[in-house]
Amino acid sequence: MLILLLTITLLCIVGTIYFKKPLLLTVPFGVIGLYMVVQIAMVPLPFFETMRFIFSLR
């Protein structure tokens, strides 16, 4: 998974330089956010209990 995220980041950096579109730099953050949501959804607890558990860790 790390290699995929690094590849997406590298492609976005190259695309930003080539196409001069700085908005492409937000794509890796979106992919990481989507990955986190998918991982949270895979937990076999209800969503709000999972969120409560994650944010109550010390």
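Shown above is the structure to which this text applies.
The structure reproduced in this document is the subject of the present report. (Residues numbered from 1 in each chain as written. Predicted model: local features only at pLDDT ≥ 70, side-chain atom pairs only at ≥ 80, totals over all residues. Heavy atoms only, no water.)

Considering the overall build of the chain
The criterion, for reference: Helix and strand assignments come from DSSP, with helices taken as H or I runs of at least 4 residues and strands as E runs of at least 2, each series counted from the N terminus. We compute the radius of gyration from the C-alpha atoms alone; for a globule the expected value is 2.2 Å times N to the 0.38, where N is the number of residues. Residue burial considers only the protein chains on display, and all accessible areas are found by Shrake-Rupley using a 1.4 Å probe.
Tallying secondary structure elements over the chain gives three helices and zero strands in all. If you list the helices and strands of the chain from N to C, you get α-α-α. Taking 10 Å as the expected radius of gyration for a compact globule of 58 residues, we find that the chain reaches 16 Å, considerably beyond that expectation. When its C-alpha atoms are laid out on the principal axes, the chain stretches across 45 × 20 × 20 Å. Summed over all atoms, the accessible surface of the chain reaches about 5,300 Å², with 80% contributed by carbon and sulfur.

Brief notes about the side chain of threonine 16
In plain terms, the rule: Polar contact is defined as a pair of N or O atoms within 3.5 Å, subject to the rule that within protein one atom must be able to donate a hydrogen and the other to accept it, and that residues adjacent in sequence are counted only when both atoms are side-chain atoms. Any two residues having at least one pair of non-hydrogen atoms within 4.5 Å are treated as being in contact.
Assignment of secondary structure puts threonine 16 in helix H1 (residues 2–19). Here the side chain of threonine 16 touches cysteine 12 through a polar contact of 2.7 Å, landing on its backbone oxygen. Here threonine 16 is in contact with Lys21, Pro22, Leu24 and Leu25, once residues within four sequence places are set aside.

Considerations on H1
Owing to its 3.6 residues per turn, the α-helix brings residues three or four apart onto one side. What counts, and what does not: To estimate the expected span of a helix, count its residues, drop one, and scale the result by 1.5 Å.
For H1, with 18 residues, the first-to-last C-alpha span of 25 Å sits near the 26 Å given by 1.5 Å per residue. Buried-residue contacts for H1 involve helix H2 (27–41). Directly after H1, the chain includes lysine 20, whose backbone phi takes a positive value near 55 degrees.

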